[in-house]
Amino acid sequence: MLTFIVRRLLSGAVLLFVITTVAYTLLYLGGGDIARRILGQNATQEQVAAKAVELGLDKPLLEQYGGWLSQAVTGDLGRSWFSGQLVTVGVSSRLSVTLSIVIGAVLIAAVVAVTLGVLAAVRGGVIDRIVQFISVLGFAIPGFLIALGLVLLFAINLKLFKATGYVPITESFAGWLASVTLPVAALAIGAIASVTQQVRGSVTDALNRDYVRTLRSRGLGSNRVVYKHVLRNAGGPALAVLAVQFVGLVGGAVIVEQVFALPGLGQLAVQSTTNGDIPNVMGLVLATAVIVVVVNLLIDLAQAALNPKVRLS
Amino acid sequence: MTELVAPVPIVSPTRAKTSLMRRLVRNPVGLVALFFLALVALVAVFGPLLAPADPNAASLQTILLAPGEQGYVLGADSAGRDVLSRLLSATQISIGAALVAVVVALALGVTGGLLAGYYGKWFDSVSSWLTGLIMALPGIVVLLAARAVLGPSVWLSMAIFGVLMSPAFFRLVYASVTAVRNELYVDAARVSGLRDGRIISRHILSVVRAPVIIQAAMITGIAIAIQSGLEFLGLGDLSVPTWGGMLSDGFTKIYNAPVLMLWPSLAIGLTCISLTLLANALRDALERSSTAKKRRRAGKVNGAPAERAAVVGHADDVRAAKGEVLLSVRDLHVGYDQPDGSVTQVVHGIDLDIRKGEVHGLIGESGSGKTQTAFSVLGLLPAGGRVSKGTIDFGGLQLADAGENVYRKVRGKRIAYVPQEPMSNLDGAFTIGSQLVEPMRVVLGLSKQAATERALALLARVGLPDPKKTFASYPHEISGGQAQRVLIAGAVSCDPELLIADEPTTALDVTVQAEVLDLLRDLQAEFGMAMLLVTHNFGVVADLCDRVSVMQSGLIVESGPVRSIFNHAEHPYTQSLLDAILEDGEPRGALAPRKEVSA
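Residues numbered from 1 in each chain as written. Chains lettered and ligands numbered in written order. Predicted model: local features only at pLDDT ≥ 70, side-chain atom pairs only at ≥ 80, totals over all residues.

Trainee: Would you mind showing me how to read the interface of chain A and chain B here?
Mentor: Every contact between the two is made by 62 residues of chain A and, on the other side, 63 residues of chain B. When residues in the side of chain A that touches chain B are grouped by element, the largest group, 15 residues, is from helix H10 (residues 222–259) of chain A. Its residues placed into classes, the side of chain A that touches chain B shows 35 nonpolar, 20 polar and 7 charged. (Contact = placed C-beta atoms within 7 Å. Helix = DSSP H or I, 4+ residues; strand = E, 2+ residues; numbered from the N terminus. Nonpolar A, V, L, I, M, F, W, Y, C, P; charged D, E, K, R; others polar.)

Trainee: Just checking my understanding: could you explain the packing of helix H2 (residues 28–50) of chain B against helix H3 (residues 83–119) of chain B for this structure?
Mentor: The description of two packed helices rests on the angle between their axes and on the distance between the axes. All names here are of chain B. Orientation of H2 relative to H3, taken along the N-to-C sense of each, is 130°, at an axis distance of 7 Å. On the basis of the axis angle, H2 is oblique to H3. Crossing handedness for the pair H2 and H3: left-handed. Taking contact as the criterion, the partners of Val40, Val43, Ala44, Gly47, Pro48 and Leu50 in H2 are, on H3, Leu88, Ser89, Thr91, Gln92, Ile95 and Gly96. (Axes fitted to C-alpha atoms, helices over the stretch in contact; angles between N-to-C directions. Parallel < 35°, antiparallel > 145°, perpendicular 65-115°, else oblique. Left-handed = near helix turned anticlockwise from the far one by under 90°.)

Trainee: Sorry if this is basic, but what is going on with the environment of Gly481(B) here?
Mentor: All names here are of chain B. As for its position among the elements, Gly481 is in helix H17 (residues 480–492). For Gly481, a count of 20 C-beta atoms within 10 Å gives the class buried. Sequence-distant contacts of Gly481, defined by excluding residues within four places in its chain, comprise Leu508, Asp509 and Val512. (Buried ≥ 20, exposed ≤ 12 C-beta atoms within 10 Å, placed from the backbone.)

Trainee: I would appreciate a short explanation of the pairing of strand S7 (residues 415–418) of chain B in the present structure.
Mentor: Residues in a regular strand project their side chains so that they alternate between the two faces of the sheet. All names here are of chain B. Burial of S7 is two-sided: the residues Ile415 and Tyr417 facing one way and the residues Ala416 and Val418 facing the other way are all buried. The pairing of S7 with strand S8 (residues 498–502) spans 4 bridges and is classified as parallel. Residue pairing across strands places Ile415 opposite Leu498, the latter belonging to S8. (Pairing = 2+ DSSP bridges.)

Trainee: I would appreciate a short explanation of the sheet that holds strand S11 (residues 555–561) of chain B in the present structure.
Mentor: Sheets are built from strands that pair by backbone hydrogen bonding, the pairs being arranged parallel or antiparallel. Residues and elements named next belong to chain B. Sheet architecture is open: 7 strands sit in the order S1-S11-S10-S4-S9-S8-S7, paired in mixed fashion. Pairing within the sheet leaves two strands with one partner each, and these edge strands are strand S1 (312–313) and S7. Pairing of strand S10 (residues 547–552) with S11 involves 6 bridges; the strand directions are antiparallel. Residue pairing for S11: Val548 is matched across the bridge by Gly560.

Trainee: What is the right way to look at helix H14 (residues 432–444) of chain B in this model?
Mentor: In an α-helix, one turn spans 3.6 residues, which is why side chains three or four residues apart end up on the same side. All names here are of chain B. Along its 13 residues, H14 runs 18 Å from first to last C-alpha, staying within 8% of the 18 Å computed at 1.5 Å per residue. Among the residues of H14, Ile432, Gly433, Gln435, Leu436, Val437, Glu438, Pro439, Met440 and Val443 are the ones counted as buried. Buried residues along H14 sit in contact with helix H15 (448–461), helix H16 (467–472) and H17. Just downstream of H14, Gly445 is the residue with a positive phi angle, here 70°. (Expected span 1.5 Å × (residues − 1).)

Trainee: Help me understand unusual backbone geometry, please; the structure alone is not making it clear to me.
Mentor: Comment: phi is negative for the bulk of residues other than glycine, and the bulk of peptide bonds are trans. Residue and element names in this part refer to chain B. Positive phi outside glycine occurs at Asp331, with the angle close to 50°. For Asp331, the position within the fold is in strand S2 (residues 325–337). The backbone phi angle of Asp495 is positive, close to 55°, even though this residue is not glycine. On the neighbour-count criterion, Asp495 (14 C-beta atoms within 10 Å) is partly exposed.

Trainee: Even after reading the chapter, I still don't get the sheet that holds strand S5 (residues 385–394) of chain B, so can you show me in this structure?
Mentor: Residue and element names in this part refer to chain B. Pairing is antiparallel in the open sheet, where 4 strands are placed in the order S3-S2-S5-S6. With one partner strand each, in any of the chains shown, strand S3 (343–355) and strand S6 (397–398) form the two edges of the open sheet. Sheet contacts for helix H12 (residues 370–378): S2, S3 and S5; angle to S2, the most-contacted strand, approximately 110°.

Here's what the structure looks like:
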């Protein structure tokens, strides 16, 4: 167990190293005249050159990346070239917004998808067809279109929620809830669709297993067999899809945040990439990669808890 | 975004693409989706020619013109540009850019999958690692970073997205190729001197073609969604009209002119939905053709409903006839509902009596309906199967049309079941012990401690050397013979009156078979149970049974005391079964051909 976690963390560190190296190289190659962009059109050539030296842009790639990496290991990601804010501060304050809607969406998706998927697989017939049809639609319609539809319907026409803005949870819980409801719903619908299909598939598969018949032959009711044995066996594949969804939702949040004007990673990502703010972009890449590594590790641990055959070694 | 792409069934290469197409068109959903996509494709090709105005011609006079005014059929946008012209021109760019993504993903994924799957070795591990890396990245963050580097080109960003999506094709092709690579027909092709290129194109591409088409439809939809999303964020190239750009423009005027968002939303939404529905319809068509094939194969075994001929009966000897009848099956028909509403019958009306304490053999070859008979007594026929006619009387209880409520009082406590394949009949996610304890607590109402003690005693009784260790083990930690003993312990745990054993020794090693049969015989005597022993082995019948019924093609052809049948088998099928063991000395030899029995 412990060796498994250590090994996974090590391979995660390798993944982080590769991703940041690739990202830094790409940013370096395509960086263009960043110093000019920071100082604006009116700066003199000398000022621009001085700025470039100050930022270390005159050094070769290896040296620049080496400098970034040696600081990053100590937890120092530098400062934004444009706002001067510490990257760690800027990213982590926005990370909490993004994570709160992504985690909310994943939890809701898990609950709804398991309910719908089990219902469709166990009942079959008309219910199954309805669930399948809805989940195909939910899968096919892009998340930001759903977000726009929700804004139009619930915020602009029905005026149930504010269309934009974010209230920190520390300020007011009710306000926070109202500000994240629509974004979470917009994100969750697509995830529900995908996970429902997977749950339906793996429950159908598990229901046809021999041990289900044997357990029922021992006098266990079909509900008990479904909720205890089938669900646990179907849980593995469903969790794997949920993990993929989690990663996908971090990406989806970028767009949804923009629709609802939430101050999350998405906003920062759009600003920083259009400006070429390398420290911020690197911070974002690192943060998303860390999320991916951590989520995958947690899912693997959950898989092992569900299925004793998965050996953690 | 690393979106999940649903698994696609792999079918044999014999299925021609044309028949798939015909199947697809017959499905109304697939037809509508295909029709809409054809329309979109036409607009993509000819749209710019059809546009009534220059899509980029801005005008202060026409800003936010309502639909229909001044000849602007769909109105004008925030810069006074004609919405219809922009929509028509945008289709070409949006669809074209999505196709760039698909082509890049196809080129990388399919080539990589073929090479990695076919040649393996280092290429295999490198490309698997790369796909893992790509799939771990949140796609949109990469696209944003790429935009910072390469500028706002929709073509370039879609090409990069194609790279990000290539694992979807890679994994599909890789899985198919590794499955096919070691098939005999590929070996044969190699031996006969075909070059690798020919083998790949002839034998391997044909296998993956249909799933790749399905995947491509899905990925086109995802590409359109991502591309529109980027443009919606304002990160697209503003100089060309695109669906996402139009949507972004409409969003800024969401309070003044929400109708501006309608057209691009419809274009994006309907195209994505059509692509997904098309992919689903294709998959359904594929699955249907493969299940149809399977069913045809199954149908051959079960055969057409035979005429119900007279059953050859043997007079009971005095001892056996004395017992009270426990299970009485009359005119049992078992059928499976087909999607087209018909019912495929697999058991065509059989009678069967089992007396208290009797061991009754039900013998016949695979597909003769003996297992179906056993499952219908347990009320555990597979999905779609049901008792279509006849009665099953169990100690005064009618089971043929009984619901779950009746069966809950019967299963486990009065009728128990020992399956054929031991490993697949234990739930791998739970310990052996918990699977034994749970039914005892539910059925007998025992406390956890009492059930545990009883389970340990039973494990010792069925001959497991270390009951405590087995109790705490998971199914994958014990052997097949041990698993069968565990299943027998579970079956007798609630002291049943009737034990249905479905080929309980077929899956076991020969040395273990005899031990398990001995165990069953001992337990049957000890618990005073009746037993229905389903088998295709007359040796087992001779060893264990009091009476035997011979089943063929869903009918019982001969029935009576074992001794009598062994000595005077009358039905030719019974004789052929007996000959199979007597002559060869090999109890599991091939059975005589069916045509002998038509008499």
